[in-house]
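# Fold and geometry: a report
Here are the chains, one letter per residue:
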Amino acid sequence: MTDSKYFTTTKKGEIFELKAELNSDKKEKKKEAVKKVIASMTVGKDVSALFPDVVNCMQTDNLELKKLVYLYLMNYAKSQPDMAIMAVNTFVKDCEDANPLIRALAVRTMGCIRVDKITEYLCEPLRKCLKDEDPYVRKTAAVCVAKLHDINAQLVEDQGFLDTLKDLISDSNPMVVANAVAALSEIAESHPNSNLLDLNPQSINKLLTALNECTEWGQIFILDCLANYTPRDDRESQSICERVTPRLSHANSAVVLSAVKVLMKFMEMLPKDLDYYSTLLKKLAPPLVTLLSAEPELQYVALRNINLIVQKRPEILKHEMKVFFVKYNDPIYVKLEKLDIMIRLASQANIAQVLAELKEYATEVDVDFVRKAVRAIGRCAIKVEQSAERCVSTLLDLIQTKVNYVVQEAIVVIKDIFRKYPNKYESVIATLCENLDSLDEPEARAAMIWIVGEYAERIDNADELLESFLEGFHDESTQVQLQLLTAIVKLFLKKPTETQELVQQVLSLATQDSDNPDLRDRGYIYWRLLSTDPVAAKEVVLAEKPLISEETDLIEPTLLEELICHIGTLASVYHKPPSAFVEGSRGVMHKRLPARTGSGESTESPDVGTAAGGSAPEAAPSIIPSQGDLLGDLLNLDMAPPTTSGPPPPTTGMQMGGMDLLGGGLDSLMGDESEPLGGDIGGSPAMGAGFGAAPAVMPASLNAPVGGGLGDLFDLGGVGMPMGAYIPPKIVWLPAMKAKGLEISGTFARRAGVIQMELILTNKAMSVMTDFAIQFNRNSFGLAPAGPLQVLTPLGPNQTIEVSLPLSTVGPVMKMDPLNNLQVAVKNNIDVFYFSCQYPISMLFVEDGKMERQVFLATWKDIPNDNESQFQIKDCHLNSDAASSKLQGSNIFTIAKRTVEGQDMLYMSIKLSNGIWVLAELRVQAGNPNYTISLKCRAPEVSQCVFQCYEAVLKN
């Protein structure tokens, strides 16, 4: 009979019966009783009253009975900690049993009992098991260390278990190695700054040897660990790739994805002209294709990962388009994902196939899928110019079906096609106007209004069409209202005599009757433009628009790099970094791909999108990349030196920050992709609306008497004189191979209150370089050049020049990720080059950042506790006075110091250039190299960057 009988009993008063059976002399009866107890526990009955009786059953040689008792113990030890101590002796005894299975069982159970009182008794048995002669016991003990570390990290470090774990990486048994790696990785995740997995070529060699022999989950642990290693050069990188490649043919999809992650990361270091590089690309395609023959849930995970891989390296799957064609029985989530990848892989070579498929999909019954298919046809037209005509005729055929949602999607994408190919397909406008009455979705209505406004001179009854929309102006969505306002102003500028009444009506509706600030602002701007200078209004509103970009939904390159490092994890399915969805992930290490050592293009090149569709055109037109794209706003970089007509306007220090030194017009950065001055989509310019727009406000009750809490902050007791400000060492921002021979390295410094970008420009090309200029994208703190880039003499071959560029903080603001990211364009007589770098936020710490004590106390209390972040600064050997004076050199001011139980507590204030205050409490314990720092700020996003500055200043 099976064990199901234990779950069918519903007797009352069985606790007493079980108690009697548990104390029986007969082994069989005892075993039956324990099974009944476990069954009751499993279905949720409280059998904790039997704890001492069950624990007595531990003294047995029967392995099955012992397992059951241990299972019970794990469940109830937390609620009965005093009783659980009774079991300690048995654990100690079982850890020395002759049977390795019992030794392993004892050590496994020890790790699962989360009771502080017991943990210290378990250290000796664990130490013995870590050095046990049987590998099964050692591998179990390795995992136990990670569990124990989770309960009491300090105990594990004091007992030296971490060193023993590191030794196990050299174990002769591959499973022990895999578990040791898993345990160390787990511990390292909770302590991101500790260098536990100190990988070097010797340890990597041991891991690769173990990789071939351990179980599939052991292989995943080892591969994930390898992915965190950065090889010294391309030869080591190639050697590791060669040894990892066989894992691609593994039956377990998790092993395959982990292997793909390692190879994708190490390929970064291989020169593209290497034969092995192209061989590796060919080897990566078959395993990814094989993953798509699994069940739908696995397919979806594989497709989400393939989506990332295709964005990074489209060449891997460029010949595999057919596997992404949708099957009739695919679930909708698989269909949509396949569709996305099809567009990414579309190129001139396969566009006919793709369009035939998409046209077929547009007649399906699933509405969401049909919408996405119609939109995909438009994306193909924009991506592959040669296919645009076929795409437009396909869309017109679909409009003729008169299916409402198909028509609406088609009109939205045709608007984008007009933007990409002006004066080419406008003959279809008449067909679009016929369907005007059937449009009921805001996006489709907005697109149609844009088309009518943009091509008003070709549409005889444009004023009537727009007037029909105006009747229900206040019932429309904001998107449609904004488009309607802009379209009628365009119409007025094109046909002023016929539409004066109409434009007055819409301006009145937008400014006087609307409570939407975006709409009102745009209405007032147009009103003032039209009333003061109609010629200027025409130049602004009817200006030639830049072309839209091919790929509007590419993941931002730095985020893509991080996600590639997380292939095979949840991050690769969500397409978000772990810090975005893992709780308590403060201090999560952001992973990055290594820099390429051989030749090859920049991963941050704006041509990333064009690579997906085969070869990029020779001279790309000026395009607007999507908001997420790197350097998305560094537009219209005029290659000719800026020409000036008339005297130049006087430039004050304020204006300098926003001055366009590349002759492209920074004003274009303020609008969106359809219109200058705010455009069609609606929404205010990012400037000022985003991060750090207004200075943090001091609490109202600063003058009120403050008592208790931090009130007894006494004198600063011996805080020394400040040292100089910390300046990070110069690093290469733009390698010569990515910038046609121009190498740029640099750092940031703050001297006498002025932020400076210190650059070293090296010409490694054969030709002379002249006409240097620099421009920044919008960034979190409004950093902008405060003057031109002073390269006064031509830069000859093999020459180097050092330039110091003063910066202001009055430029346009847009929140970046990470917060201190700065995207830069540098122009010379050869080309325009893009790179991004990260500035230390300490450059923005201003000199008047020392708060009054009472203000500090009141502000600390006023900032919510949820805004407080705590960090550890490890391996810092300064006393509190030395730390204080060192920090003061970087404008981190100590307000007060007090000593509590041998621990120095420093209270500090920092003021950022945009008026945000950061308050800090730094705890320094004599003899302890680890400091604890608590940061409080009204904008908690800055805390991580401020912590990094503390760490950099104190450790350098």
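Right above here is the structure, for reference.
A few points on the structure. Since the model is a prediction, treat every value here as computed from it, not as a measurement.

### With respect to the overall build of the protein chain
- Helices and strands together make up the secondary structure of the protein chain, namely 38 helices and 15 strands.
- Buried positions account for 53% of the 956 residues belonging to the protein chain.
- When contacts within the protein chain are restricted to residue pairs at least 6 apart in sequence, long-range pairs at least 24 apart make up 70% of them.

### Structural notes on the environment of His566
- Along the chain, His566 turns up in the loop between α32 (557–564) and α33 (570–574).
- Linking His566 and Lys261, residues 305 residues apart in sequence, is a C-alpha distance of 7.3 Å.
- Once residues within four sequence positions are removed from consideration, His566 is found in contact with Lys261, Ala571, Ser572, Pro578 and Lys591.

### Quick look at the packing of helix α20 (residues 332–345) against helix α22 (residues 367–383)
- Interhelical geometry of α20 versus α22 gives an angle of 5 degrees and a closest axis separation of 10 Å. Taken together, α20 and α22 sit at an angle that is classed as roughly parallel. Residues Ile332, Lys335, Leu336, Leu339, Asp340, Ile343, Arg344 and Leu345 of α20 touch α22, and the partners they reach there are Asp368, Phe369, Lys372, Ala373, Ala376, Arg379, Cys380 and Lys383.
- Class assignment for the residues of the contact of α20 with α22 results in nine nonpolar, no polar and seven charged.

### Looking at unusual backbone geometry
- A cis amide bond links Asp817 to the next residue, Pro818, at an omega of -5 degrees.
- Relative to the helices and strands, Pro818 resides in the loop between β8 (800–808) and β9 (821–827).
- One non-glycine residue, Lys740, lies in the positive phi region at around 50 degrees.
- At Asp875, a residue that is not glycine, the phi angle is positive and equals roughly 55 degrees.

### Some points on the pattern of salt bridges
- Across all of its chains, the model carries 35 salt bridges by this definition.
- With a shortest N-O distance of 2.9 Å, Glu64 and Lys31 are connected by a salt bridge. Of this pair, Glu64 sits in helix α4 (residues 63–76) while Lys31 sits in helix α2 (residues 27–42), placing them 33 residues apart in sequence.
- The class of Glu64 is partly exposed, set by a relative accessible area of 36%.
- In this structure, the salt-bridge partner of Arg379 is Asp340, at a minimum N-O distance of 3.3 Å. One end of the pair, Arg379, is in helix α22; the other, Asp340, is in helix α20, with 39 residues separating them in the sequence.
- A relative accessible area of 16% places Arg379 in the buried class.
- We classify Asp340 as buried; its relative accessible area is 9%.

### A closer look at the packing of helix α21 (residues 351–361) against helix α23 (residues 388–400)
- Orientation of α21 relative to α23, taken along the N-to-C sense of each, is 10 degrees, at an axis distance of 11 Å. Taken as axis vectors, α21 and α23 run roughly parallel relative to one another. When α21 is examined against α23, the residues Ala352, Leu355 and Lys359 are found in contact with a partner set consisting of Arg390, Cys391, Thr394 and Asp397.
- Looking at the contact of α21 with α23, its residues break down into three nonpolar, one polar and three charged.

### Some words on the side chain of Asn435
- Mapping Asn435 onto the fold places it in the loop between α25 (429–434) and α26 (442–454).
- Looking at Asn435, its side chain comes within polar contact range of the main-chain oxygen of Thr431, at 3.0 Å.
- Setting aside chain neighbours within four positions, we find Asn435 in contact with Ile399, Lys402 and Val407.

### A short note on the sheet that holds β9
- Judged by pairing direction, the sheet is antiparallel, and its three strands sit side by side in the order β6-β9-β10 without closing on themselves. The open sheet has two edge strands with one neighbour each: β6 (773–776) and β10 (832–838). When strand polarity is set aside, the average angle formed by the axes of neighbouring strands in this sheet is 25 degrees.

### Structural notes on helix α16 (residues 234–244)
- Of all the positions in α16, only Glu236, Ser237, Ile240, Cys241 and Val244 are classed as buried. Buried positions in α16, seen along its axis, are confined to an arc of 140 degrees and lie on one side of it.
- Along its buried surface, α16 packs onto α14 (201–211), α15 (216–227), α17 (253–267) and α18 (275–291).
- The N-cap residue of α16 is Asp233: its side-chain oxygen and the backbone nitrogen of Arg235 are 3.2 Å apart.

### So, a negative patch on the surface
- A cluster of acidic side chains, namely Glu464, Glu467, Glu471 and Glu501, defines a negative patch on the protein surface.
- Along the chain, Glu471 falls in the loop between α27 (462–470) and α28 (478–494).
- Residue classification places Glu471 among the exposed positions, given a relative accessible area of 71%.

### Some thoughts on the packing of aromatic side chains
- Scanning the entire structure with this criterion turns up twelve aromatic pairs.
- On the basis of an interplanar angle of 90 degrees and a centroid distance of 5.5 Å, the ring pair of Tyr300 and Tyr333 is categorised as edge-to-face. A residue pair is termed long-range when its members are at least 10 positions apart, and Tyr300 in helix α19 (residues 296–312) and Tyr333 in helix α20 qualify at 33 residues.
- For Tyr300, a relative accessible area of 24% puts it in the partly exposed group.
- Judged by relative accessible area, which is 33%, Tyr333 ranks as partly exposed.
- Considering the side-chain rings of Tyr421 and Tyr425, the 6.2 Å spacing of their centres and the 85 degrees angle between planes classify their relative orientation as edge-to-face. In terms of burial, Tyr421 and Tyr425 fall into one category: buried.
- Put simply, the rings of Trp733, Phe748, Phe835 and Tyr839 touch in pairs and so form one group of aromatic residues.
- One residue, Lys335, lies across the ring of Phe369, its end atom 5.2 Å from the ring centre.

### Concerning the sheet that holds strand β7 (residues 784–785)
- Taken in spatial order, the five strands line up as β3-β4-β5-β8-β7 in an open sheet, and their pairing is antiparallel. Whereas interior strands pair on both sides, the edge strands pair on one side only; in this sheet they are β3 (731–734) and β7.
- Alignment of strand β5 (residues 754–763) against β8, held across eight bridges, turns out to be antiparallel. Bridge pairing in β8 links Ile755 to Leu807.

### Some thoughts on the pairing of β8
- Note that β7 and β8 share two bridges and pair antiparallel. Its bridge partner being in β8, Ala784 is matched across the sheet by Ser808.

Quick notes on the rules
- Residues numbered from 1 in each chain as written.
- Predicted model: local features only at pLDDT ≥ 70, side-chain atom pairs only at ≥ 80, totals over all residues.
- Heavy atoms only, no water.
- Helix = DSSP H or I, 4+ residues; strand = E, 2+ residues; numbered from the N terminus.
- Buried < 20%, exposed > 50% of the residue type's maximum accessible area, 1.4 Å probe, protein only.
- Contact = heavy atoms within 4.5 Å.
- Axes fitted to C-alpha atoms, helices over the stretch in contact; angles between N-to-C directions.
- Parallel < 35°, antiparallel > 145°, perpendicular 65-115°, else oblique.
- Nonpolar A, V, L, I, M, F, W, Y, C, P; charged D, E, K, R; others polar.
- Salt bridge = Lys/Arg side-chain N within 4 Å of Asp/Glu carboxyl O.
- Polar contact = N/O pair within 3.5 Å; in protein donor to acceptor, adjacent residues only side chain to side chain.
- Pairing = 2+ DSSP bridges.
- Arc of directions from axis to C-beta.
- Patch = residues over 30% accessible without salt bridge, like charges linked within 9 Å, V, L, I, M, F, W, Y side chains within 5 Å.
- Areas by Shrake-Rupley, 256 points an atom, 1.4 Å probe, with all protein chains shown as cover.
- Lys, Arg positive; Asp, Glu negative; His and termini not counted.
- Charge placed at Lys NZ, Arg CZ, Asp CG, Glu CD.
- Phe/Tyr/Trp six-rings, centres within 6.5 Å; stacked < 30°, edge-to-face > 60°.
- Lys NZ or Arg CZ within 6 Å of the ring centre and 35° of its normal.

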